[in-house]
Structure formats: structure tokens, C-alpha cells
Amino acid sequence: MARRNPLRELWERGGTAFGLWATVPGSFGAELLAGAGFDYLCVDQQHGVLDYAAMVPMLQGARAAGAAPLTRVLSADPALITKALDAGAWGVIVPLVSDGAAAARAVSACRFPPRGTRSYGPVRAAEVIGSSDPETVEREALCFVMVETAEGLHNVEEIAATPGLDGIYIGPADLSLSLGAGPGELERAMGRIREACEGAGIVPGVHCSSGEEARRRAAEGFRLVTVTSDAALLREGARRELAAARKGSRAL
């Protein structure tokens, strides 16, 4: 029996998806953190030390723990998008999309002919979805693009209107660097992107660095909200516990 993409079901109920960004290789770590109750876990292949071979077991670990597995692909290369979806990712996040044509190419890579250019071969995806039917496999695959440049912001309404696009994910760090923006300008840019998504009927997503920021972004209307990363949790948790252990001890 075919299974629905759990994120699609959540959004259809009017909910917000809260997720974790995964940059540290290892299926057990992905399974352990996803099991904390996150709605999704996104394996980041663009930055850090992860590649396809590391991604697949992390997708498996996330799914085993009940979180929808997503991945940010290395680039907009259709071959990379197709391979990630065939490996069982419920969706892809495509970086550095700056105009409608680039967004349309990303969508096309996620859809089979005649709607797109994706080559048929959902090797693991068919097991995850419970069906090898092309229409079913295609319907459940999410396509998000990232608006993280000044050019992308200029074209955001055009990008949001791309047929078949499921949402736009904001990378605040790159967007801020591209704009040369202070906090106020960045907030206005993020608001514009969110409003473009809402106007087009697609999902606005955003990358956050803490639970408090994630709560605030969800209240603003973002519906794919990354709370933090595995690396940040490991680093901050280690520092906190070490500081507690050393508190009051004599330095040698």
C-alpha cells in the first residue's frame, strides 16, 4: 500500500514541520536525534563532510526513528537530485536558485516525463513509498529551492510562481552575505520571501539556530522550520557539561 509523504500530510492539516539539520556522518546519530521527535531530518550534502554514501544510511536512520528524511543536494545538477530521490529522500532542497528558470529546472529534475526530466528508477524510493507507480512516486517527492542571493530575492515572486514547486527555503547566512545586510534588512528580505510563498500557495521554510528562533519563525508563518543542527547540539552540549564539571575546580 502506498504511503503518503508525512510532511505533505502535516501541511494539509495546517501544521508546521520542525526539523534537524544533519552534518555529522553516521546512521545511529541520525536515528538517535531524529527520535527526539523532529518531523524531518535534512542530510546536508552541500556543506560539511557528507556524500551520497554517507547520506543513504542517514536517511534510513531518520525514517526508522519516525522523521521524514530530506536532503540538501550538492547543487542543482539533475543527476544529483534524481539520485537523492531514488535513494529514498522524501524531498530535496536545492541551493543557490536565483531565478524562475533555475527553479523550473529543479522541479523538472523531480518529475517524470512528460512533466519533467527525471529518469525512472526509484530503487529505494519505491520501498519507502510502498509503490513503484511513477505518478505516485512523483507526487510524494518534495522540491524546495533556496533563495539566498540578492538576485534570488529580486526574482522571488517569479521563483515562487514556478509550477510544481513545493516551497522556498531561506539560508539566512548566505542571503545576508549576498545582500551585505544588517539585521533589519535581512528581516525585511525574509518577510518578502515568506509573503511570496504565501501568495503562491507554497511552503515557506527557514534555517534557524535555536528552538527559540524556530518558535518565533513558526509564529511568523514559516512552515518548514529547521530548529538547529546536530553539530551545534554536540558542540554546545559538550561545552555546557564540561563547564559544569569544571565549575569551582582549581586550575592546574
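All figures in this text were calculated on a predicted structure; none of them were measured in a lab.

**What about the pattern of salt bridges?**
In step 1: Applying the stated criterion to the full structure yields 18 salt bridges.
In step 2: Its salt-bridge partner being Asp-166, residue Arg-111 comes within 3.2 Å of it at the nearest N-O pair. Of the two residues, Arg-111 sits in the loop between helix 5 (100–110) and helix 6 (125–129) while Asp-166 sits in the loop between helix 9 (156–160) and strand 6 (167–170), which places them 55 residues apart along the sequence. Asp-166 carries the same exposure label as Arg-111, and that label is buried.

**Re empty space enclosed by the protein**
In step 1: A complete count under the given rule lists one cavity of 30 Å³ or more for this structure.
In step 2: Lining the largest cavity, in full, are Leu-85, Gly-88, Ala-89, Trp-90, Arg-118, Ala-125, Val-128, Ile-129, Val-137, Glu-140 and Ala-141.
In step 3: Elements with a minimum of two residues in the lining of the largest cavity: helix 6 and helix 7 (134–140).
In step 4: Here the lining of the largest cavity takes three residues from helix 6, the largest share from any one element.

**Points about the pairing of strand 7 (residues 203–207)**
The side chains of a regular strand alternate between both faces of the sheet.
In step 1: Among the five residues in strand 7, four count as buried, and that is most of the element.
In step 2: Summarising the sheet, strand 6 and strand 7 pair through four bridges and their orientation is parallel. Note on strand 7: the bridge partner recorded for Gly-167 is Val-203.
In step 3: In this fold, strand 7 hands off to helix 12 (residues 211–220), which returns the chain to strand 8 (residues 224–229); that crossover is right-handed.

**Quick notes on the packing of aromatic side chains**
In step 1: Following the criterion strictly, the structure yields three aromatic pairs and no others.
In step 2: When the ring of Trp-11 is compared with that of Phe-144, the centres are 5.9 Å apart and the planes differ by 50 degrees; the resulting orientation is tilted. Taken together, the residues span a long stretch of sequence, with Trp-11 in helix 1 (residues 6–12) and Phe-144 in strand 5 (residues 142–147) at a distance of 133 residues. In this structure, Trp-11 and Phe-144 share a single accessibility class: buried.
In step 3: A ring pair is formed by Trp-21 and Tyr-169, whose centres lie 5.5 Å apart and whose planes are at 10 degrees; its orientation type is stacked. One end of the pair, Trp-21, is in strand 1 (residues 17–22); the other, Tyr-169, is in strand 6, and 148 residues separate them in sequence.
In step 4: Residue classification places Tyr-169 among the buried positions, given a relative accessible area of 1%.
In step 5: Across from the ring centre of Tyr-52, 4.6 Å away, lies the NZ or CZ of Lys-83, which sits over that ring.

Conventions adopted
- Residues numbered from 1 in each chain as written.
- Predicted model: local features only at pLDDT ≥ 70, side-chain atom pairs only at ≥ 80, totals over all residues.
- Heavy atoms only, no water.
- Salt bridge = Lys/Arg side-chain N within 4 Å of Asp/Glu carboxyl O.
- Helix = DSSP H or I, 4+ residues; strand = E, 2+ residues; numbered from the N terminus.
- Buried < 20%, exposed > 50% of the residue type's maximum accessible area, 1.4 Å probe, protein only.
- 1 Å grid on protein atoms, 1.4 Å probe; cavity = no way out; pocket = protein on both sides within 12 Å on 5 of 7 lines; lining within 4 Å.
- Points joined across faces, edges and corners; volume = space filled by probe spheres on them.
- Pairing = 2+ DSSP bridges.
- Right-handed = clockwise from strand over helix to strand, strands pointing away.
- Phe/Tyr/Trp six-rings, centres within 6.5 Å; stacked < 30°, edge-to-face > 60°.
- Lys NZ or Arg CZ within 6 Å of the ring centre and 35° of its normal.

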